[in-house]
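Next come the chains, spelled out residue by residue.
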Amino acid sequence: MEDERKDGAYGTPQKYDPTFKGPIYHRGCTDIICCVFLLLAIVGYVAVGIIAWTHGDPRKVIYPTDSRGEFCGQKGTKNANKPFLFYFNIVKCASPLVLLEFQCPTPQICVEKCPDRYLTYLNAHTSQDFEYYKQFCVPGFQSNKGVAEVLRDGDCPAVLIPSKPLARRCFPAIHAHKGVLMVGNETTYEDGHGSRKNVTELVEGAKKANGVLEARQLAMRIFEDYTVSWYWIVIGLVIAMLMSLLFIVLLRFLAGIMVWVMIIMVILVLGYGIFHCYMEYMRLRGEAGSDISLVDLGFQTDLRVYLHLRQTWMAFMVILSILEVVIILLLIFLRKRILIAIALIKEASRAVGYVMCSLLYPLVTFLLLCLCIAYWASTAVFLSTSNEAVYKIFDDGTCQFAGKTCNPETFASSNESRLCPGAHCQFAFYGGESGYHRALLGLQIFNAFMFFWLANFVLALGQVTLAGAFASYYWALHKPDDLPAFPLFSAFGRALRYHTGSLAFGALILAIVQIIRVMLEYLDQRLKAAENKFAKFLMTCLKCCFWCLEKFIRFLNRNAYIMIAIYGTNFCTSARNAFFLLMRNIIRVAVLDKVTDFLFLLGKLLIVGSVGILAFFFFTHRIRIVQDTAPPLNYYWVPILTVIIGSYLIAHGFFSVYGMCVDTLFLCFLEDLERNDGSAERPYFMSPNLKRLLNKTNKKLAES
């Protein structure tokens, strides 16, 4: 069982090379064409960004827009002191036209504050409340018209309803009182024509405002919590960093104990499960109805019914017994490989200890990813806001010009206005008919594609850099004396100087798969309303296939980058050699993968759980640290969630370095077994512990 498959099905084993002493320093550039394509794509990406920044206006996202296309609350404009958008008739926002035009077919103006009282124009124009009412009429309104003319021309709303701002827009303050929907203190409203209607007609247009806190107030409270708790949040993240470092150091000494304890616990848990199933099976003997078979019972929505059948517990017992036997047999036959996996994990802990600066490299990756995300997000916002204001004719009746574009400056004197007296020319959406506007969708797709490509390139650069550093450690015959100076910086320089094209190639393949997955998700959202079951089934199959393909490509790329870091070959050659090497040692790969997955899961749960529990007890005032107590908070979950998420990211960063170290040492170990035989001319580079497990020795060292 020691030797894996050595036949030609997965290539030929590596042959001894007397000049090979670890990562090759004298190497040439690889995949130059892909490097050129990446540089050209980056130039094009910058050009797209410049064009988007020239035409875009992010104010369209931040500020709401009135019927004239002017922003509400923007400094330096006439609406600077009017941050909220007011709808003349919110009921019309429930019209199907909104789904087509993305705009309510009712006049909209910017106001200083939302209405706080119930008023009708009919009552207000003859009372002292008229000055208050006029601030909700169109700018420049003159009260020299009759009531019917004002309402016909849409100069003022027919009714004011108590409202609250939500996302800078005024929505009726609907609440329930004794089971009755009310707006303020009213259950009805007047439509401006003398008739009163039930307030439930307003629910469709304003239900999102019911029971929702103002977003601005919520954000301010969260910001206040951060200002008074940031010091303790930083302390919690530092604790998480120290625990992550300590866990990696302890793996050198406790990896074996942790793995064997895990295996024993699994065996004991399965054994107890078998015992419990047997006891339940015996307890149900003689009970009425317990001998009914599962087939006769059929499917039941209440799954607890099955627990009253003896056959259910018998099935559980058989399944657990099979699992128990399989695990014990695997443990017997794979014991040596489990020991090898543990030894490699311990060796990885030593390697990280000798290349401590590798633990800081995730910060470089994080900063580069933040740069990619920021550029992608800003470009996407500018692209989405680079349309021009489009005005259309809105009318409640049957105007033949409804939906046609118009010019708000000349609409009052136009033929359309005369033929449709009740129509309005108001802002509809942002769009355009130029070639640039027609290409916006393609530019957004290109923006997303370049984000995936560059993000994957950044991750690939980190993997090649770490692999080169840890490979230098493994192939040092006398550790750490033969370890080169600054191995991490040397590996980083080699990756950028020689292998930018190879990294771009691997990142490109992954980006293509990811953009296809995004497009499938988009199509799936569009097809959700369809009743075509075959289309849904096909879409599910495609999503599953591309998900599996992405996972496989990630695995293949990771190992290809290790071979690139060691030998300096191009991407395709490295991927083929890595794949064949792993397939020749497939059992060792499976065992090492599961063992490391368990240890990393255990480490993350331990670190995140410990720091999270400590943060919970501290911020809920259950414990004190050095006579200091937690500051008063609006929401104690704000710092707790921040600490938990930050702790997970820190632990993930540390373990990503450790995982890359384990994978690199594993591939080097497999290469070492194929290249060398322990003779004086071909000594093994593996650690003494690994040689002892495999009964391998270096003859020169043995004779001495």
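Cut-offs used in this document
- Residue numbers restart at each chain and count upward from 1, following the sequence in its written direction.
- Predicted model: local features are reported for residues with pLDDT of at least 70 only, side-chain atom pairs are reported and counted for 80 or more only, and whole-chain, interface and lining totals are derived from all residues.
- Excluded from the side-chain calculations are hydrogens and water; all other atoms, namely the structure's heavy atoms, are used.
- Secondary structure elements are taken from DSSP: a helix is a run of H or I of four residues or more, a strand is a run of E of two residues or more, and numbering for both begins at the N terminus.
- The cut-offs for exposure are 20% and 50% of the maximum accessible area for each residue type, with area from a 1.4 Å probe on protein chains only; residues under the lower value are buried, those over the upper are exposed, and the others partly exposed.
- We call two residues in contact when some of their heavy atoms are within 4.5 Å.
- Residue burial considers only the protein chains on display, and all accessible areas are found by Shrake-Rupley using a 1.4 Å probe.
- Patch members must show over 30% relative accessible area and no salt bridge, and they are joined within 9 Å when carrying like charges or within 5 Å when they are nonpolar side chains of Val, Leu, Ile, Met, Phe, Trp or Tyr.
- In what follows, salt bridge is the name for a side-chain nitrogen of Lys or Arg lying within 4 Å of a carboxyl oxygen of Asp or Glu.
- A pocket, in this scheme, is an open set of points on a 1 Å grid over the protein atoms alone with protein on both sides within 12 Å along at least 5 of 7 lines, while a cavity is a set where a 1.4 Å probe fits but cannot get out; residues line either one if an atom lies within 4 Å of a point.
- Grid points are joined across faces, edges and corners, and a volume is the space filled by probe spheres set on the points.
- Note that Gly is not counted as nonpolar here; it falls among the polar residues with everything else outside the nonpolar set of Ala, Val, Leu, Ile, Met, Phe, Trp, Tyr, Cys and Pro and the charged set of Asp, Glu, Lys and Arg.
- Simply put, an axis is a line fit to the C-alpha atoms, just over the touching stretch for a helix, and the angle between two N-to-C directions goes from 0 to 180 degrees.
- For classification, angles of less than 35 degrees are called roughly parallel, those exceeding 145 degrees roughly antiparallel, those between 65 and 115 degrees roughly perpendicular, and all remaining angles oblique.
- In short, DSSP must find at least two bridges between two strands for them to pair.
- Left-handed describes a crossing whose near helix is turned anticlockwise from the far helix by less than a right angle; the clockwise case is right-handed.
- One confidence number per residue, pLDDT, is output by the predictor and ranges from 0 to 100.
- Think of a nonpolar core as a cluster: buried Ala, Val, Leu, Ile, Met, Phe, Trp, Tyr and Cys residues, connected wherever their side-chain atoms sit within 4.5 Å.
- We call a pair of cysteine sulfur atoms a disulfide when they lie within 2.5 Å.
- Two rings from Phe, Tyr or Trp (for Trp, the six-membered ring) form a pair when their centres are within 6.5 Å of each other. A pair whose planes differ by under 30 degrees is stacked, one over 60 is edge-to-face, and the rest are tilted.

Enquirer: Would you mind going over the overall build of the chain with me for this structure?
Expert: The secondary structure content of the chain amounts to 23 helices and 12 strands. A total of 704 residues make up the chain; the buried ones form 43% of that total. The contacts in the chain between residues at least 6 apart in sequence include a share of 71% that link residues at least 24 apart. Counting only carbon and sulfur atoms, one obtains 65% of the accessible surface of the chain, whose full area is about 37700 Å².

Enquirer: Sorry if this is basic, but what is going on with the environment of Tyr 354 here?
Expert: Within the secondary structure, Tyr 354 sits in helix H11 (residues 335-354). The partly exposed category is assigned to Tyr 354, whose relative accessible area is 44%. Along the chain, Tyr 354 and Tyr 473 lie 119 residues apart, while their C-alpha atoms are 8.2 Å from each other. If sequence neighbours within four positions are ignored, Tyr 354 has contacts with Tyr 473, Pro 480 and Leu 483.

Enquirer: Honestly, a nonpolar patch on the surface in this entry has me stumped. Any pointers?
Expert: On the surface, Leu 246, Val 249, Leu 250, Phe 253, Leu 254, Ile 257, Val 261, Ile 264, Met 265, Leu 268 and Val 269 cluster together into a nonpolar patch covering about 990 Å² of accessible area. Locating Ile 257 in the fold gives a position in helix H8 (residues 215-283). Judged by relative accessible area, which is 52%, Ile 257 ranks as exposed.

Enquirer: Teacher, can you tell me more about unusual backbone geometry here?
Expert: Backbone geometry at Asp 31 places phi at a positive 50°, although glycine is not the residue there. Locating Asp 31 in the fold gives a position in the segment before helix H1 (32-55).

Enquirer: Explain empty space enclosed by the protein here, please?
Expert: Any empty space left between atoms is shown by rolling a water-sized probe over those atoms. Taken as a whole, this structure holds two cavities of 30 Å³ or more when the rule is applied. The wall of the second largest cavity is formed by Arg 337, Ile 340, Ala 341, Leu 344, Arg 588, Val 591, Leu 592 and Phe 666. Mapped onto the lining of the second largest cavity, the elements with two or more residues apiece are H11 and helix H20 (586-619). Top element by residues in the lining of the second largest cavity is H11. It accounts for four residues. A per-class count over the lining of the second largest cavity returns six nonpolar, no polar and two charged.

Enquirer: Explanation requested: the packing of helix H10 (residues 310-333) against H11 in the structure shown.
Expert: Think of two packed helices as two axes; the pair is described by the angle between the axes and how far apart they sit. Contact geometry for H10 and H11: axes closest at 4 Å, N-to-C directions at 70°. Here H10 is positioned roughly perpendicular relative to H11, judged by the angle of their axes. Taking contact as the criterion, the partners of Leu 330, Leu 331, Ile 332 and Phe 333 in H10 are, on H11, Arg 335, Arg 337 and Ile 338. Broken down by class, the residue content of the contact of H10 with H11 amounts to five nonpolar, no polar and two charged.

Enquirer: What am I meant to see in the pairing of strand E2 (residues 108-111) here?
Expert: Along any regular strand, the residues point their side chains to alternate faces of the sheet. Because side chains alternate across E2, one face comprises the buried residues Gln 108 and Cys 110, and the other comprises Ile 109 and Val 111, equally buried. Pairing of strand E1 (residues 84-87) with E2 involves four bridges; the strand directions are antiparallel. Along E2, the bridge assignment pairs Phe 86 with Ile 109.

Enquirer: Which parts of the structure should I look at to understand the packing of H20 against helix H21 (residues 637-675)?
Expert: Here H20 crosses H21 at 160°, and the two axes come no closer than 9 Å. Taken together, the axes of H20 and H21 lie roughly antiparallel to each other. As for the relative orientation of H20 and H21, their crossing is right-handed in sense. Considered class by class, the residues forming the contact of H20 with H21 number 21 nonpolar, six polar and two charged.

Enquirer: Sorry, what's going on with the confidence of the model for the chain here?
Expert: Fine structural detail should not be taken from predicted coordinates in areas where pLDDT scores are low. With 84% of its residues at a pLDDT of at least 70, the chain reaches an overall mean of 80. In the predicted structure, residues 1-7 sits below a pLDDT of 50 and forms 16 contacts with residues beyond four places in sequence or in another chain. Predicted confidence is poor over residues 186-214, with pLDDT under 50, and the contacts of this stretch with residues over four places away or in other chains come to 66 contacts.

Enquirer: Explain the nonpolar core here, please?
Expert: A general trend in soluble globular proteins is that nonpolar side chains are found buried together. Counting residues in hydrophobic clusters, the biggest one holds 109 residues, and the most contacted among them are Trp 453, Tyr 658 and Phe 669. Residue contributions to this core peak at 20 residues, all from helix H15 (residues 440-474). With residues near it in sequence (within four places) discarded, Tyr 658 still touches Ile 248, Leu 251, Ile 345, Lys 346, Ala 348, Ser 349, Val 352 and Phe 600. Residues Phe 86, Phe 141, Val 150 and Cys 170 belong to the second largest nonpolar core, which totals 19 residues.

Enquirer: What is the right way to look at the layout of surface pockets in this model?
Expert: Space inside the second largest pocket adds up to approximately 900 Å³. Arg 68, Val 138, Gly 154, Asp 155 and Cys 425 are, among the 34 residues lining the second largest pocket, the residues nearest its centre. Counting only elements with at least two residues in the lining of the second largest pocket, the list comes to E2 and strand E12 (424-431).

Enquirer: Looking at this model, I keep getting lost on the state of the cysteines. Mind explaining?
Expert: Such a bond, covalent and formed between the sulfur atoms of two cysteines, is termed a disulfide. Tallied over the full model, the rule gives four disulfides. Two residues, Cys 72 and Cys 110, share a disulfide whose sulfurs are 1.9 Å apart. Taking the sign of the S-S torsion, about -75° here, the bridge from Cys 72 to Cys 110 comes out left-handed. Note that Cys 72 is positioned in the loop between helix H2 (59-62) and E1 and Cys 110 in strand E2, a separation of 38 residues in sequence. A single burial state applies to Cys 72 and to Cys 110, both of which are buried. Two residues share a disulfide in this structure: Cys 114 and Cys 170, whose sulfurs sit 2.0 Å from each other. Between Cys 114 and Cys 170, the S-S dihedral sits near -85°, and the bridge is therefore left-handed.

Enquirer: Whenever I open this one, the packing of aromatic side chains confuses me. Can you help?
Expert: Two numbers describe a pair of aromatic rings. These are the distance of the centres and the angle of the planes. Across all of its chains, the model carries 28 aromatic pairs by this definition. Note on Phe 86 and Phe 136: the rings are 5.2 Å apart at their centroids and 55° apart in plane angle, and the pair reads as tilted. Of this pair, Phe 86 sits in strand E1 while Phe 136 is found in the loop between helix H5 (130-134) and helix H6 (147-153), placing the two residues 50 residues apart along the sequence. By relative accessible area, which is 1% here, Phe 136 ends up buried.

Enquirer: Mind showing me how you'd approach the pattern of salt bridges here?
Expert: Proximity of charged atoms lets side chains of opposite charge pair with each other. Counted by the stated rule, this structure contains 15 salt bridges. Glu 347 is the partner of Arg 350 in a salt bridge, and the nearest nitrogen-oxygen pair spans 3.0 Å. With a gap of three residues between them, Arg 350 and Glu 347 both fall in helix H11, about one helical turn apart. Classification of Glu 347 as buried rests on a relative accessible area of 4%. A single network of salt bridges, built from pairs that share partners, joins Asp 116, Arg 117 and Asp 129.

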